[in-house]
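# A structural walkthrough
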Amino acid sequence: MRTKLGRKISLNTLALIVFAFSVFPVYWMVLTAFKPTKDIQAETPSFFPTNITFTHFSTAVNADGFWLFWRNSALVAVSAVLMALVIACLAAYAVARMKWRGRQAFILMVFIAQMTPWEALLIPMYVIARDTDMLDKLTMLTLIYFMVTLPFTIVTLRGFLNAIPVELEEAAQVDGCNQFQAFRRIVFPLLAPGLLSTSLFGFITAWNEFAFANLLIIKNQDQRTLPVWLSSFSNTFGTDWGATMAAATLFMLPVLLIFLVLQGRVTAGVAAGAVKG
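Turning our attention to unusual backbone geometry. For aspartate 133, which is not glycine, the phi dihedral falls at a positive 60°. For aspartate 133, the location among the structural elements is in the loop between α6 (122-131) and α7 (138-163). One non-glycine residue, aspartate 136, adopts positive backbone phi at about 65°. Looking at where aspartate 136 falls in the secondary structure, it is placed in the loop between α6 and α7.

Dropping the structure here:
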């Protein structure tokens, strides 16, 4: 008994240490955003807030292009997620419910695409964008994010569809529904947890992505996204680390809020789907 208790305490202590190391950079970023400039530049750092100021947030929000680049990031992320959900939902249903030649090969290609590192696609995507005159356009960025998130979305939705009993669709078809109506009325509501999970992943991926946005948006600076703008923010303000950290905090805030909202709904949806199934 004592051995098990000691092991449990050791594992919990290790988990707390890992959690502290993971969260501390975020905590320091937020803390710096609220510190006055004199406290940021002090020789002895303070790990707890003493004087709080919102000046740095005002500086970040009023910076040139902040809301423009915020809109670009939101437009690209939301568009890529919606496109991925529509295509992946149809593809996952075809893979999970239908028997057709080449299905296993298609699944294999989806897994290979999911395992391919993004860095390997930088040069090919740049060449394609250059040859098709799609450089400096948010449309190309949206298509890339859609392509990157699509394999994960297909695999995840396929798993959710496999967990839904096919007898529910058959019962609906016996009652007079065709295949599409059975999917829309029976399967789609039970698929909500998967749709929320994949949309959350896709949005976070597109919102935080930097490499493609920095590579493809070269001349037209108005087409930049928030990560690219944030990378040059400190250069614009020099040593104004307070404004830089405030901008980074504002950049993180939408993803954090969406995650907190969808997390509870995903859990509730999984439970409801299990009961209905």
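A separate point is the pattern of salt bridges. Inspection of the entire model under this criterion finds two salt bridges. Between arginine 130 and aspartate 131 there is a salt bridge whose closest N-O contact spans 3.2 Å. We classify arginine 130 as partly exposed; its relative accessible area is 46%.

Looking now at the packing of aromatic side chains. On inspection of all chains with the given rule, the structure shows 18 aromatic pairs. Ring centres of phenylalanine 66 and tryptophan 229 lie 5.5 Å apart, and the angle between their planes is 65°; this geometry places the pair in the edge-to-face category. Within this pair, whereas phenylalanine 66 is found in helix α4 (residues 66-97), its partner tryptophan 229 is found in helix α12 (residues 226-231), the two being separated by 163 residues in sequence. By the burial criterion, phenylalanine 66 is buried, and tryptophan 229 matches it. A network of ring pairs unites the aromatic residues Phe66, Trp67, Phe69, Trp70, Phe203, Trp207, Trp229 and Phe251 as a single cluster.

Analysis parameters
For every chain, the first residue of its written sequence is number 1, and the numbers climb from 1 along that sequence. Restriction of local features to residues with pLDDT of at least 70 applies here, the model being predicted, together with a cutoff of 80 or more for giving and counting side-chain atom pairs; totals for whole chains, interfaces and linings are based on all residues. Calculation of side-chain values draws on the structure's entire complement of heavy atoms; hydrogens and water are dropped beforehand. Only DSSP runs of H or I with at least four residues qualify as helices, and only runs of E with at least two residues qualify as strands; both kinds are numbered from the N terminus onward. The salt bridge definition used is simple: a Lys or Arg side-chain nitrogen within 4 Å of an Asp or Glu carboxyl oxygen. Only protein chains enter the area calculation, which uses a 1.4 Å probe; residues under 20% of their type maximum are buried, those over 50% are exposed, and those in between are partly exposed. Stacked, tilted and edge-to-face are the three classes assigned to paired rings of Phe, Tyr and Trp, where Trp is represented by its six-membered ring and a pair needs centres within 6.5 Å; plane angles under 30 degrees give stacked, over 60 edge-to-face, the rest tilted.

In short, shape yes, function no, at least from these values alone.
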